[in-house]
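What the coordinates show
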Amino acid sequence: MKHIEVVAGIIQSGGKIFATQRGYGEFKDGWEFPGGKMEPGESQKQALARELKEELAVNVNVADFLCTVNYDYPAFHLTMHCYFCAIADGKLPELLEHEAAKWLSPAELQSVDWLPADVEVVKALEANLR
Ligand SMILES: Nc1nc2c([nH]c(=O)n2[C@H]2C[C@H](O)[C@@H](COP(=O)(O)OP(=O)(O)OP(=O)(O)O)O2)c(=O)[nH]1
């Protein structure tokens, strides 16, 4: 089966977590942690900083690793590495590709319709924030 490996960022600011809603493709309207695929020669953290800059025009410091999740979608196997991120310069994300975004408090994490692979990430995040 096809294998896709991505890095995803849990951007934190003022005690809240940034969630984005996909604007296109197979998973349109699903909620996720922004990020994307690594390019050859990039570390996971470098790839994540680049993807967040491209998608959200935001400068982040990629911080602690949270978890790696594996999920079998019908058409591919996903491996996703998740890292906490802090905004480096106070400039908030702009939606260049996503259709919507929300800043969620820890208590609000279950209030959006996460992509299937993200359910486990949210569980790990809730345990980490507790
Ligand atoms: N970035 C990201 N992708 C996720 C998450 N959860 C999840 O199932 N995915 C899936 C959706 C995509 O099929 C796959 C790869 O994500 P991607 O960001 O590279 O998106 P994409 O396939 O639209 O790729 P591209 O057109 O931007 O190259 O991972 C998540 O939290 N963040």
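Because the structure is a prediction, the values reported are computed rather than measured. (Residues numbered from 1 in each chain as written. Predicted model: local features only at pLDDT ≥ 70, side-chain atom pairs only at ≥ 80, totals over all residues. Heavy atoms only, no water.)

Section: the nonpolar core
Within the largest apolar cluster, 27 residues are counted, with the highest numbers of intra-cluster contacts made by Ile 10, Phe 33, Met 80, Trp 114 and Val 121. Listing elements by their share of this core, those giving two or more residues are strand E1 (2-13), strand E2 (16-21), strand E5 (60-72), strand E6 (76-87) and helix H2 (118-129). At five residues, E6 tops the list of elements feeding residues into this core. Within the second largest apolar cluster, 13 residues are counted, among which are Ala 47, Leu 52, Val 60 and Cys 85. (Core = buried A, V, L, I, M, F, W, Y, C linked by side-chain atoms within 4.5 Å. Buried < 20%, exposed > 50% of the residue type's maximum accessible area, 1.4 Å probe, protein only. Helix = DSSP H or I, 4+ residues; strand = E, 2+ residues; numbered from the N terminus.)

Concerning the side chain of His 81
By the secondary structure assignment, His 81 is in strand E6. Filtering out sequence-adjacent residues up to four positions away, His 81 remains in contact with Glu 5, Val 6, Val 7, Ala 8, Met 38, Gln 44, Cys 67 and Thr 68. (Contact = heavy atoms within 4.5 Å.)

Details of the site of the ligand
Neighbouring residues of the ligand: 16 residues in total, closest Arg 22, Phe 33, Lys 37, Tyr 73 and Asp 118. Within the side chain of Glu 32, a nitrogen or oxygen atom sits 3.4 Å from a nitrogen atom of the ligand. A distance of 2.5 Å separates an oxygen atom of the ligand from a polar atom in the side chain of Asp 118. Here the ligand loses 78% of its free accessible area of 600 Å² to cover by the protein chains. Where the shell around the ligand is concerned, the elements lending two or more residues are strand E4 (35-37) and E6. When the residues that make up the shell around the ligand are grouped by side-chain class, the tally is ten nonpolar, two polar and four charged. (Near = heavy atom within 4 Å. Polar contact = N/O pair within 3.5 Å; in protein donor to acceptor, adjacent residues only side chain to side chain. Areas by Shrake-Rupley, 256 points an atom, 1.4 Å probe, with all protein chains shown as cover. Nonpolar A, V, L, I, M, F, W, Y, C, P; charged D, E, K, R; others polar.)

Here's the deal with the environment of Tyr 73
Its place among the elements puts Tyr 73 in the loop between E5 and E6. Along the primary structure Tyr 73 and Met 1 are separated by 72 residues, whereas in three dimensions their C-alpha atoms are 9.9 Å apart. If near-sequence neighbours (up to four positions away) are discounted, Tyr 73 is found in contact with Met 1, Phe 27, Leu 78, Leu 115, Pro 116 and Ala 117.

Looking at the confidence of the model for the protein chain
For the protein chain, mean pLDDT is 97; residues scoring 70 or higher make up 100% of the total. Reported confidences for the modelled complex are a pTM of 0.96 and an ipTM of 0.94. (pLDDT = per-residue confidence, 0-100.)

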